[in-house]
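Here's the letter readout for the chains.
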Amino acid sequence: GIKKGDTVIHLGSGAGNGVFVARAIVGEGGKVIGVDMTKEMIAKAEQNNSKLGYKNVEFRYGDIEDLPIANNLADVIVSNCVLNLVPDKQKAFSEIYRTLKPGAHFCVSDIVIKGELHSELKKSAEMYAGCVAGAVQQEMYLQLIKDAGFINTEVKKTKVIELPDEVLLQYLNDDQLQSYKSSGVGIFSITVVAEKPIDQEK
């Protein structure tokens, strides 16, 4: 949903790749701000940007729960597999709400859980795919978005995170493995969009 001329914020911007992709869309008339919680990544991103020479790209050091961004600034906020790693997700979504313009939206990809996951299996999944750490139930995730004040929440994509059988069989026997696979319980990657109501100034 990024358009030419938009102001875009990328949360967890790392070395800046996602920021540079957004910059290609917004063009000269837009602005892209990357936010990351590690100074090393900010330095690397700034180094990458100095090679590219973009004047309307900026990187800021800070936490998603306390964004170094003014109120009502962004047209679009994006992130990829970052919010599930944030301890206070409610605060994170409140900050996204605060920094979006009225009528603007966010689009995030994240990891969620459906159903009750065997505790040992969840630990193993965290080792297998680091993004699983801190993942919450999908219903809770969507409720946090609603509680922050967003409207028109929509899950655009859902993809199963497949754990290899050899990982699963460390914790489940053959019958449990088949039961797990047919139960709908599991770890999923979802892409969610939601809007800040147009009549909200803060």
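Calculation criteria
Residues numbered from 1 in each chain as written. Predicted model: local features only at pLDDT ≥ 70, side-chain atom pairs only at ≥ 80, totals over all residues. Heavy atoms only, no water. Pairing = 2+ DSSP bridges. Helix = DSSP H or I, 4+ residues; strand = E, 2+ residues; numbered from the N terminus. Axes fitted to C-alpha atoms, helices over the stretch in contact; angles between N-to-C directions. Contact = heavy atoms within 4.5 Å. Disulfide = S-S within 2.5 Å. Buried < 20%, exposed > 50% of the residue type's maximum accessible area, 1.4 Å probe, protein only. Phe/Tyr/Trp six-rings, centres within 6.5 Å; stacked < 30°, edge-to-face > 60°.

Colleague: Just to check I follow, could you spell out the sheet that holds strand S1 (residues 7-11) for this structure?
Modeller: An order of S3-S2-S1-S4-S5-S7-S6 is seen for the seven strands of this open sheet, with the pairing classed as mixed. Each having just a single partner strand, strand S3 (57-61) and strand S6 (151-160) make up the two edges of the open sheet. Strand-to-strand twist of the sheet, defined as the mean angle between neighbouring strand axes without regard to direction, takes the value 20 degrees. Looking at chain direction, S1 and strand S4 (residues 74-80) are connected through four bridges and run parallel. Across the sheet, residue Leu11 finds its bridge partner in S4, namely Ser79. Helix H1 (residues 17-26) rests against S1, strand S2 (31-36) and S3 of the sheet, and its axis sits at about 165 degrees to S2.

Colleague: I tried to follow the state of the cysteines on my own but got confused; where do I start?
Modeller: Each disulfide is one covalent bond, formed between the sulfur atoms of two cysteines. On inspection of all chains with the given rule, the structure shows zero disulfides. No disulfide involves Cys107; its nearest neighbouring cysteine sulfur is the one of Cys81, lying 14 Å away. Judged by its relative accessible area of 25%, Cys107 is partly exposed.

Colleague: Help me understand unusual backbone geometry, please; the structure alone is not making it clear to me.
Modeller: Most of the time, phi is negative for any residue but glycine, and the peptide bond is trans. Of note, the phi angle at Asn72 is positive, near 50 degrees, even though the residue is not glycine. With respect to the helices and strands, the residue Asn72 is situated in the loop between S3 and S4. One non-glycine residue, Asn152, lies in positive phi territory at about 50 degrees. Residue placement: Asn152 occurs in strand S6.

Colleague: Can you walk me through helix H3 (residues 89-99) in this structure?
Modeller: Side chains that are three or four residues apart share a direction in an α-helix, a result of its 3.6 residues per turn. Every buried residue of H3 is accounted for by Lys89, Ala92, Phe93, Glu95, Ile96, Tyr97 and Thr99. Looking at the buried residues of H3, the elements they touch are S1, S4, strand S5 (100-114) and helix H5 (138-147).

Colleague: Would you explain the environment of Gly27 in this entry?
Modeller: Position of Gly27 relative to the elements: it lies in the loop between H1 and S2. Taking relative accessible area as the criterion, Gly27 reaches 8% and is therefore assigned buried. A sequence separation of 21 residues divides Gly27 from Asp6, and the C-alpha atoms of the two residues are 8.6 Å apart.

Colleague: What is the right way to read the side chain of Thr99 from this model?
Modeller: Structurally, Thr99 is set in helix H3. Excluding anything up to four places from it in sequence, Thr99 contacts Ile9, Leu67, Ile69, Ala70, Asn71, Asn72, Leu73, Ala74 and Ile77.

Colleague: What exactly am I supposed to notice about the packing of aromatic side chains here?
Modeller: Any pair of aromatic rings gets described here by the distance separating the centres and the angle formed by the planes. Evaluated as defined, the whole model comprises six aromatic pairs. Ring geometry for Phe20 versus Tyr54: centroids 6.1 Å apart, planes at 45 degrees, classification tilted. Here Tyr54 lies in the loop between helix H2 (39-52) and S3 and Phe20 lies in helix H1, a separation of 34 residues in the sequence. The interplanar angle of 90 degrees and the centroid separation of 4.9 Å between the aromatic rings of Phe106 and Phe150 together place this pair among those described as edge-to-face. With Phe106 in strand S5 and Phe150 in the loop between H5 and S6, this residue pair connects regions lying 44 residues apart in the sequence. We note that Phe106, like Phe150, is buried. Aromatic rings pair up to connect Phe93, Tyr97, Phe106, Tyr141 and Phe150 into one cluster.

Colleague: I would appreciate a short explanation of the pairing of S1 in the present structure.
Modeller: Working note: regular strand, side chains alternate between the two faces of the sheet. Counting buried residues along S1, five of its five residues qualify, which places the element largely inside the surrounding structure. Of the two faces of S1, the one carrying Thr7, Ile9 and Leu11 and the one carrying Val8 and His10 are both buried. Relative to S2, S1 is paired through five bridges, and the arrangement is parallel. Looking at S2, one finds that Ile9 is bridged to Ile33.

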